[in-house]
Amino acid sequence: MNASAPLRIEHGEAISWIVLDRPDAANAFNSALLDGFSDALHQLETEGAPVIGIRGKGKGFSAGADLSEYNAEATPGRRCGAFAPAIWTGGWRCGAIPSR
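Residues numbered from 1 in each chain as written. Predicted model: local features only at pLDDT ≥ 70, side-chain atom pairs only at ≥ 80, totals over all residues. Heavy atoms only, no water.

Trainee: So what exactly am I meant to see when it comes to the nonpolar core here?
Mentor: Generally speaking, soluble globular proteins have nonpolar side chains that are buried together. Ranked by size, the top nonpolar core spans 11 residues in total: Ala5, Leu7, Ile9, Ile18, Leu20, Phe29, Leu33, Leu34, Phe37, Ala40 and Leu44. Those elements giving two or more residues to this core turn out to be strand E1 (7-11), strand E2 (16-20) and helix H1 (31-44). Looking at which element gives the most residues to this core, the answer is H1, with five residues. For Ile18, the residues in contact, after removing those within four places along its chain, are Leu7, Arg8, Phe37, Ala40, Leu41, Leu44, Ile52, Gly53, Ile54 and Arg55. (Core = buried A, V, L, I, M, F, W, Y, C linked by side-chain atoms within 4.5 Å. Buried < 20%, exposed > 50% of the residue type's maximum accessible area, 1.4 Å probe, protein only. Helix = DSSP H or I, 4+ residues; strand = E, 2+ residues; numbered from the N terminus. Contact = heavy atoms within 4.5 Å.)

Here it is in structure tokens:
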């Protein structure tokens, strides 16, 4: 996982946690957090506890997309248009969790 990603992984016996670490931005997902989150999920497929939890540092979990970053990249008339491709190309997969 990228060491500069704004998140961390914490391991316990029964659960591994992905902790979003952008409290100054209400843990909103920007490109660095999206990349780090995807990397963390891939890493936790092969190591850590059989259960993955997600939480945010600070007051709240996550505000969602960091619209300031995505709106800056979008063309006029397509505000937030860069966010959906970032999710789908980030390597996130849905599927069965392998048993251990």
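Trainee: Would you explain H1 in this entry?
Mentor: Because each turn of an α-helix spans 3.6 residues, side chains separated by three or four positions end up pointing in the same direction. Along its 14 residues, H1 runs 20 Å from first to last C-alpha, staying within 8% of the 20 Å computed at 1.5 Å per residue. Among all positions in H1, only Leu33, Leu34, Gly36, Phe37, Ser38, Ala40 and Leu44 are buried. Looking at where H1 begins, the residue whose side-chain oxygen comes 3.3 Å from the main-chain nitrogen of Ala32 is Asn30. (Expected span 1.5 Å × (residues − 1). Polar contact = N/O pair within 3.5 Å; in protein donor to acceptor, adjacent residues only side chain to side chain.)

Trainee: Please clarify how a nonpolar patch on the surface should be interpreted in this entry.
Mentor: A cluster of nonpolar side chains, Ile52, Ile54 and Phe61, forms an exposed patch at the surface whose accessible area comes to about 250 Å². By the secondary structure assignment, Ile52 is in strand E3 (residues 52-56). (Patch = residues over 30% accessible without salt bridge, like charges linked within 9 Å, V, L, I, M, F, W, Y side chains within 5 Å. Areas by Shrake-Rupley, 256 points an atom, 1.4 Å probe, with all protein chains shown as cover. Salt bridge = Lys/Arg side-chain N within 4 Å of Asp/Glu carboxyl O.)

Trainee: So what exactly am I meant to see when it comes to the packing of aromatic side chains here?
Mentor: Any pair of aromatic rings gets described here by the distance separating the centres and the angle formed by the planes. Using the criterion set out here, one finds one aromatic pair in the structure. Above the face of the Trp17 ring, Arg55 is positioned so that its terminal group lies 4.7 Å from the ring centre. (Phe/Tyr/Trp six-rings, centres within 6.5 Å; stacked < 30°, edge-to-face > 60°. Lys NZ or Arg CZ within 6 Å of the ring centre and 35° of its normal.)

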